[in-house]
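# Breakdown of the fold
The lines below spell out each chain.
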Amino acid sequence: MSGALRVGIVGAGPRGLSVLERLLAHARRCREEDPAAEVSLDIRLFDPFPPGPGRVWRTDQSPHLLMNTVVEEQTVFPDASCRVSVPGTGPSMAEWARSADGAGSAEEENASAPATATFAQRREYGAYLADAYDRMAAQAPPGVTIAHEPCEVLQILDLPENASVPSGPGTRSFAGVHRPAPTRGPASQARDQEAGVPPLPEGRTLASAPQALRLSDGRTLEADAVVLCVGHIPAALSDERAGWQRFADAANLVYLPPGLPAETRVDRLPAGEPVLIRGFGLNYFDLQSLLTHGRGGRFEETGEGELRYLPSGSEPILVPGSRRGVPYRSKPLTSRHPLPVPPGSHLRFFTAEHIDRLPAPEAGLRFDAQLWPLVLADLRRAWYAALARSRPEVFREDPAVLDSALAEAVARHLDDGGRSSAARTSAVTGTAPVPSTPAAGTAAGAATPAAESWRETEERVLDPDAVSAEPGLLLDLHRYIRPLGHTGFADREELRGALLAYLREDLAASRLGPALSPEKALFPVLWQARMLLKELVAQERLEPASFVAEVRGWFEDFVSGICDGPPPQRYAELIALAEAGLVDFAGPEVRIRTSRTGEPAGFVATTPAVDGEVRARALVDASSPANRVTQADDRLIRGMLDRGQLRVAEHRLDPTTVVPSSGLAVTRPPYRTVDARGRVHPARFVLSLQLSSVQLGLAIAANPDSDARTFRDADAVARAILDLC
């Protein structure tokens with residue numbers, strides 16, 4: 001075969017852009033290094049939504065929907081920190097926002113808000129992504145063509161060697177500049193062997209085994225290489241949710257299943273009536289905005305950062321509930337402290353250097369036994385450093401005593417290598433952490449001599465009278481992640497008071513910031529710890545059993561509860577809405593059932609925390625998307641799984657125990673796909689949320705100045721496609 005190398009990128013959101021940017025950067029570099037080199041690419045991005053914003057960040061969504069990270073934390077262009085060739089091909093979002101091209105309000109709700117150091121509108125991020133795509137397309141080097149195909153890919157079929165899709169109406173190959181098909185150099189073959197890619201037959205090239213992409217507009221196109229960047233995919237409803245849907249349809253009620261808030265049919269929710277909302281995470285706050293700002297209500301300041309809500313009369317009464325009963329803690333990011341990791345707040349104990357000193361068992365590192373003690377030491381250090389700055393009067397000894405005790409404990413842990421802790425617990429035998437794990441500092445949540453010694457040090461250094469009057473001065477992670485505890489309330493008014501007190505305290509802490517608030521000092525620690533742990537997972541340094549039962553089992557959710565909450569202003573708005581009587585609280589461990597025969601038709605919420613129930617004729621499922629490929633309900637991924645072209649990854653916990661992963665089976669980078677028979681496809685790659693089998697924190701966008709793994713992964717995919725050595 002001769003012709004341009006035809007590359008299909010399925011999904012044109014941020015990750016699709018990253019693959020495109022890397023392909024162009026390497027093609028441009030080859031031209032610059034050797035002007036006679038022939039680099040001919042025909043790149044197609046398949047997405048029914050505009051390239052760049054894609055579905056999630058499209059620019060026509062409500063201006064009331066905000067990003068959950070600040071402008072300074074967004075980029076789709078690798079910078080000098082990234083270990084990739086040819087960085088610096090475009091601006092970060094902050095640079096774009098400060099430029100003439102990016103001029104405009106970062107938040108129309110507050111026209112005076114700066115374009116940086118703020119939580120921008122989602123559609124503003126979409127505008128940045130759209131501009132990034134335009135920049136990339138305009139900078140394509142000679143011999144490279146780029147086109148957006150505004151349609152879905154419904155099927156990807158593997159064609160026989162040297163075969164093509166039969167010609168006919170609606171059927172064609174990509175157009176492109178002709179060149180010889182790429183060959184496999186020795187270095188490329190060595191990388192393939194390491195990744196488990198079988199060698200190609202003599203004379204065969206990647207481009208001689210095309211893939212046929214069947215599109216939603218009826219056409220079929222061929223590609224030589226395909227990258228799956230599909231992002232969030234539809235998930236099949238669980239039996240419980242399907243039952244709610246049938247019940248609502250039969251009883252003329254409203255049930256809105258999980259989905260993107262921008263696409264949720266909130267117009268079906270009647271004014272003045274209660275609406276049960278299952279889930280108290282970020283989707284809830286998006287819905288709250290759509291049902292208040294979006295219905296003509298407005299908030300006004302009353303002084304000291306407090307808000308009062310002025311209703312339009314079109315709002316429903318929102319009744320959120322969840323497992324913990326409270327939302328994730330608000331982010332401590334404001335114009336006074338705008339960055340997740342302020343200067344001087346780097347980790348001291350959970351570091352790459354310390355991790356390298358730990359003995360690695362053959363199966364890999366154990367999180368609870370070996371890594372968590374280091375994270376916990378940094379959490380303790382940050383908590384008491386902030387407390388010493390803001391409340392020095394509560395110490396009766398020098399707070400440096402605590403630092404010394406932590407350093408000595410970490411030194412003993414590194415010398416021991418976590419072997420003592422490992423002997424006390426096993427992820428395989430089921431001693432997975434309980435909610436008290438972080439407080440106790442052990443995997444099984446049991447008190448240990450080390451934990452008792454630390455408690456004695458705390459009691460010696462802090463003023464006992466101050467601690468007696470304010471038990472919250474001591475770091476108690478169990479209480480921190482479950483502020484309502486397990487106690488009951490006399491009535492719903494008492495529950496409401498406890499929720500409002502939690503919201504007010506957390507909002508005040510966010511405004512105080514990580515330097516002065518012990519609670520918010522945990523934020524930069526866990527933010528950095530998650531990023532380092534993400535690298536360890538991607539490097540396959542964790543024991544599979546520990547990854548499943550410990551990192552996925554409790555730590556991931558623990559970090560999310562502290563680091564992935566809404567902007568502080570959403571907390572202020574929630575408080576104002578509750579005071580206006582437009583928000584009530586369902587409580588913790590909420591259970592939803594449908595009405596029984598003889599009762600008025602509706603959904604019923606109960607909680608063990610308080611007697612009584614809440615009834616509503618509408619239920620909104622605001623849970624986050626499952627993002628489990630086993631639940632995929634789209635045409636493409638579901639079809640490829642059913643046909644055996646893709647396979648669900650598995651985690652082997654011990655010689656006899658295997659559990660399915662949430663993601664796809666792939667090789668090491670560049671993440672080639674593996675089929676049901678264990679065969680690696682040499683020219684099909686994954687760069688999306690479906691890498692959850694081998695990565696952590698995939699929903700986190702690439703951050704500037706962080707050597708973002710997203711860019712390194714995209715670079716590996718581009719190099720594999722272009723056969724760079």
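Predicted model only: the values in this text are computed from it and were never measured.

### Digging into the overall build of the chain
Of the regular secondary structure elements, the chain holds 20 helices and 21 strands. A burial count over the chain gives 56% of its 725 residues as buried. For the chain, contacts bridging at least 24 residues in sequence account for 76% of all contacts bridging at least 6.

### Description of unusual backbone geometry
Residue Pro 670 is reached from Pro 669 by a cis peptide bond, and omega for that bond is 20 degrees. In this structure, Pro 670 sits in the loop between strand E19 (657–664) and strand E20 (672–674).

### What about the environment of Gly 364?
Examined against the element boundaries, Gly 364 turns out to sit in the loop between helix H7 (352–357) and helix H8 (367–390). Sequence separation of Gly 364 and Phe 547 is 183 residues, and the distance between their C-alpha atoms is 9.7 Å. Not counting residues within four places of it along the chain, the set of residues in contact with Gly 364 comprises Gln 370, Arg 541, Leu 542 and Glu 543.

### Describing the pattern of salt bridges
Tallying each qualifying case throughout the model produces 51 salt bridges. Notably, a salt bridge pairs Glu 613 with Arg 593, separated by 3.6 Å at the nearest N-O pair. One end of the pair, Glu 613, is in strand E16 (residues 610–616); the other, Arg 593, is in strand E14 (residues 591–594), with 20 residues separating them in the sequence. A relative accessible area of 38% places Glu 613 in the partly exposed class. A single salt-bridge network, built from bridges that share partners, covers Arg 83, Glu 535, Asp 707, Arg 709, Arg 712 and Asp 713.

### Remarks on the sheet that holds strand E13 (residues 317–321)
Within a sheet, each strand pairs with its neighbour through backbone hydrogen bonds, oriented either parallel or antiparallel. In spatial order, the strands read E9-E17-E10-E13; together these 4 strands make up an open sheet with parallel pairing. Taken across any chain shown, the strands that pair with only one partner, and hence form the sheet edges, are strand E9 (254–256) and E13. Each adjacent strand pair in this sheet contributes to an overall mean axis angle of 20 degrees, direction not counted. The pairing of strand E10 (residues 274–278) with E13 spans 5 bridges and is parallel. Across the sheet, the residue bridging to Val 275 is Leu 318, located in E13. Helix-sheet contacts for helix H5 (residues 239–251) involve E9, E10 and strand E17 (618–621), and the interaxial angle to E9 is about 150 degrees.

### Digging into empty space enclosed by the protein
A full pass over the atoms with the stated rule returns 5 cavities of 30 Å³ or more. Reported here for the largest cavity is a volume of approximately 80 Å³. Looking at side-chain class alone, the lining of the largest cavity contains 6 nonpolar, 1 polar and 3 charged residues.

### A short note on the pairing of strand E21 (residues 680–686)
Of all 7 residues making up E21, 6 are buried, and the element is well covered by its neighbours. As defined by bridge partners, E20 adjoins E21 across 2 bridges and the pair is classed as antiparallel. Looking across to E21, one finds that Val 674 is bridged to Val 680. The hairpin turn running from E20 into E21, its antiparallel successor, is 5 residues long, and Gly 678 in that turn takes a positive phi close to 85 degrees.

### Points about the environment of Leu 23
Within the secondary structure, Leu 23 is located in helix H1 (residues 14–33). Sequence separation between Leu 23 and Ile 721 is 698 residues, and the spatial gap between their C-alpha atoms is 8.3 Å. Every residue in contact with Leu 23, bar those within four places of it in the chain, is listed here: Val 7, Ile 9, Leu 41, Ile 43, Ala 718, Ile 721 and Leu 722.

### Quick look at the side chain of Asp 707
Following the sequence through the fold, Asp 707 ends up in the loop between E21 and helix H20 (709–722). Classification of Asp 707 by relative accessible area gives buried; the value is 12%. The residues touching Asp 707, leaving out its near neighbours within four places in the chain, are Ser 81, Cys 82, Arg 83 and Arg 712.

### Let's talk about helix H17 (residues 544–563)
With 20 residues, H17 extends just 25 Å between its outermost C-alpha atoms, more than 12% less than the 28 Å of an ideal straight helix rising 1.5 Å per residue. Along H17, the sharpest kink reaches roughly 45 degrees, centred on Val 551. Taken across its 20 residues, H17 has 14 buried, putting it largely inside the fold.

### Quick notes on the packing of aromatic side chains
Within this structure, the stated rule accounts for 23 aromatic pairs. Taking the centre distance of 5.1 Å and the plane angle of 85 degrees together, the rings of Trp 372 and Trp 554 count as edge-to-face. Of this pair, Trp 372 sits in helix H8 while Trp 554 sits in helix H17, and the two are 182 residues apart along the sequence. Under the relative-accessibility criterion, Trp 372 is labelled buried at 0%.

### Looking at the confidence of the model for the chain
Per-residue confidence for the chain gives a mean pLDDT of 87, with 86% of residues at or over 70. Taken together, the stretch residues 423–446 has pLDDT below 50 and engages in 52 contacts with residues farther than four places along the chain or on a different chain.

### As for the packing of H1 against H20
Describing two packed helices takes the angle between their axes plus the distance from one axis to the other. At their nearest, the axes of H1 and H20 sit 8 Å apart, and the two run at 55 degrees to each other. The orientation of H1 with respect to H20, classified from their angle, is oblique. In the crossing of H1 with H20, the sense of the turn from one axis to the other is right-handed. Of H20, the residues touching H1 (which contributes Ser 18, Val 19, Arg 22, Leu 23, His 26, Ala 27 and Arg 29) are Thr 710, Phe 711, Ala 714, Asp 715, Val 717, Ala 718, Arg 719, Ile 721 and Leu 722. Of the residues belonging to the contact of H1 with H20, the class tally is 9 nonpolar, 3 polar and 4 charged.

Procedures and definitions
- Residues numbered from 1 in each chain as written.
- Predicted model: local features only at pLDDT ≥ 70, side-chain atom pairs only at ≥ 80, totals over all residues.
- Heavy atoms only, no water.
- Helix = DSSP H or I, 4+ residues; strand = E, 2+ residues; numbered from the N terminus.
- Buried < 20%, exposed > 50% of the residue type's maximum accessible area, 1.4 Å probe, protein only.
- Contact = heavy atoms within 4.5 Å.
- Salt bridge = Lys/Arg side-chain N within 4 Å of Asp/Glu carboxyl O.
- Pairing = 2+ DSSP bridges.
- Axes fitted to C-alpha atoms, helices over the stretch in contact; angles between N-to-C directions.
- 1 Å grid on protein atoms, 1.4 Å probe; cavity = no way out; pocket = protein on both sides within 12 Å on 5 of 7 lines; lining within 4 Å.
- Points joined across faces, edges and corners; volume = space filled by probe spheres on them.
- Nonpolar A, V, L, I, M, F, W, Y, C, P; charged D, E, K, R; others polar.
- Expected span 1.5 Å × (residues − 1).
- Bend = angle between axes of the 7 residues up to and from the residue.
- Phe/Tyr/Trp six-rings, centres within 6.5 Å; stacked < 30°, edge-to-face > 60°.
- pLDDT = per-residue confidence, 0-100.
- Parallel < 35°, antiparallel > 145°, perpendicular 65-115°, else oblique.
- Left-handed = near helix turned anticlockwise from the far one by under 90°.

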